[in-house]
Amino acid sequence: MNVSNSTTSLAPPVAERTGTVLRDIPLPPYVTAEDAQFAVRAVVVHAPRRWSGGTVCRNDASPHPCRLHRWGTRVLALRGLRDADIAALIERGDPAAALPPRPPA
Ligand SMILES: [Zn+2]
């Protein structure tokens, strides 16, 4: 019973392979205060750094934004922060910065 697989080896993979290497870290279903605080630390510690040839992560030297930075940004966006709020946090560079109050839903 192996008839239906005869063309599989000739077909290109369905999913694109690019991007699977740096698969994103799954987001929490609900952003707790702890998640948000960890996200602040992630974006601050994994801040962009100018480097010859581009911008890299200050912490792990992978191309910016790295996985943790992306994760932190998305968690903070889920938490209700705007891009400008997140940029301000990164600029401040304080990994223990207090978050602005959660906006009303
Ligand atoms: Zn990083």
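Since the structure is predicted, the reported quantities are computational estimates derived from the model, not experimental observations.

> Describe the pairing of strand S1 (residues 48-51), and please don't skip the residues or the numbers.
Pairing between S1 and strand S2 (residues 54-57): four bridges, direction antiparallel. Looking at S2, one finds that Arg50 is bridged to Thr55. Hairpin remark: S1 followed by S2, antiparallel, with two residues in the connecting loop; positive phi at Gly53, about 95°.

> Explain the environment of Gly72 to me, using residue names and the numbers behind them.
For Gly72, the position within the fold is in helix H2 (residues 67-78). Counting along the chain gives 29 residues from Gly72 to Val43, while the straight-line C-alpha distance between them is 5.5 Å.

> Quick one: what's the story with the environment of Ile86, residue by residue and with numbers?
Structurally, Ile86 can be placed in helix H3 (residues 83-92). Owing to 19 C-beta atoms within 10 Å, Ile86 belongs among the partly exposed residues under this scheme. Separated by twelve residues in sequence, Ile86 and Arg74 place their C-alpha atoms 10.0 Å apart. Residues in contact with Ile86, not counting those within four places in the same chain, are Val43, Thr73, Leu76 and Leu81.

> Quick rundown of the packing of helix H1 (residues 33-45) against H2? Include the residues and the values.
Running from N to C, H1 and H2 point in directions that differ by 135°, and their axes come no closer than 8 Å. Here H1 is positioned oblique relative to H2, judged by the angle of their axes. With respect to the hand of their crossing, H1 and H2 are arranged in left-handed fashion. Where H1 approaches H2, its residues Asp35, Ala36, Ala39, Ala42 and Val43 are matched on the opposing element by Leu68, His69, Trp71, Gly72, Thr73, Val75 and Leu76.

Calculation criteria
Every chain begins its residue count from 1, and numbering advances along the sequence as written. For this predicted model, a pLDDT threshold of at least 70 governs which residues receive local features, and a threshold of 80 or more governs which side-chain atom pairs are given and counted, while totals over whole chains, interfaces and linings are taken from all residues. Paired strands, in this sense, are two strands between which DSSP finds at least two bridges. A run of DSSP states H or I qualifies as a helix once it reaches four residues; a run of E qualifies as a strand once it reaches two. Both are numbered from the N-terminal end. To sort residues by exposure, count the other C-beta atoms lying within 10 Å of each residue's C-beta; 20 or more gives buried, 12 or fewer gives exposed, and values between give partly exposed, all with C-beta atoms placed from the backbone. Contacts are defined on C-beta atoms placed from the backbone: any two residues whose C-beta positions lie within 7 Å are in contact. Only C-alpha atoms enter the line fits that serve as axes; for helices the fit covers just the stretch in contact. Angles between N-to-C directions range over 0 to 180 degrees. Should an angle fall under 35 degrees it is called roughly parallel, over 145 degrees roughly antiparallel, and 65 to 115 degrees roughly perpendicular, with every other angle called oblique. Left-handed describes a crossing whose near helix is turned anticlockwise from the far helix through less than a right angle; right-handed describes the clockwise counterpart.

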